[in-house]
Amino acid sequence: MQKKNLNKVYNSDIESFKTKKKYDLILLIHTLEHTFNINKILNKIKNLMKEKSKVYIEVPDFYNTVRNWTDNVYLGHQHVF
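Residues numbered from 1 in each chain as written. Predicted model: local features only at pLDDT ≥ 70, side-chain atom pairs only at ≥ 80, totals over all residues. Heavy atoms only, no water.

(A) A look at helix α1 (residues 38–48). For α1, the set of buried residues is I38, I41, I45 and L48. Around the axis of α1, the buried residues are gathered within 85 degrees of arc, so they sit on the same side. More than 90 degrees from the buried face of α1, the exposed residues found are N39, K46 and N47. Contact partners of the buried residues in α1: β1 (23–29) and β2 (49–58). (Buried < 20%, exposed > 50% of the residue type's maximum accessible area, 1.4 Å probe, protein only. Helix = DSSP H or I, 4+ residues; strand = E, 2+ residues; numbered from the N terminus. Arc of directions from axis to C-beta. Contact = heavy atoms within 4.5 Å.)

Right, here's the structure in full:
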């Protein structure tokens, strides 16, 4: 496996993140389920990618995690997967 140096790591709200740069790797870890407009977010991600970029998206497994509608895993989620 080839090792690469990380120049910068950003921790930002994707909707307010502005840059002209393109990225090799974009991580969305337990965030997509909290967004109102998934298509808008995915289009923004697409515009941030280089031609051979990688995107890692992780969302909770709703049906195997949430026990009822008041479960704190469910609260705050706009979407379930």
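(B) Region of the structure containing the layout of surface pockets. Taken as a whole, the largest pocket encloses approximately 1,200 Å³ of empty space. Among the secondary structure elements, those contributing two or more residues to the lining of the largest pocket are β1, α1 and β2. For the lining of the largest pocket, the element with the most residues is β1, which contributes 7 residues. Looking at the lining of the largest pocket, its residues break down into 16 nonpolar, 9 polar and 10 charged. (1 Å grid on protein atoms, 1.4 Å probe; cavity = no way out; pocket = protein on both sides within 12 Å on 5 of 7 lines; lining within 4 Å. Points joined across faces, edges and corners; volume = space filled by probe spheres on them. Nonpolar A, V, L, I, M, F, W, Y, C, P; charged D, E, K, R; others polar.)

(C) View of the nonpolar core. Of all hydrophobic cores here, the largest spans 10 residues; its members are I14, F17, Y23, I26, L28, L32, I38, I41, I45 and L48. Sorting the residues of this core by element identifies β1 and α1 as the ones contributing at least two each. (Core = buried A, V, L, I, M, F, W, Y, C linked by side-chain atoms within 4.5 Å.)

(D) Local environment of the pairing of β1. Where β1 and β2 come together, 6 bridges link them in parallel fashion. Across the sheet, L28 pairs through a bridge with I57, a residue of β2. Crossover connection from β1 via α1 to parallel β2: handedness right-handed. (Pairing = 2+ DSSP bridges. Right-handed = clockwise from strand over helix to strand, strands pointing away.)

Keep in mind these numbers describe shape, not what the thing actually does.
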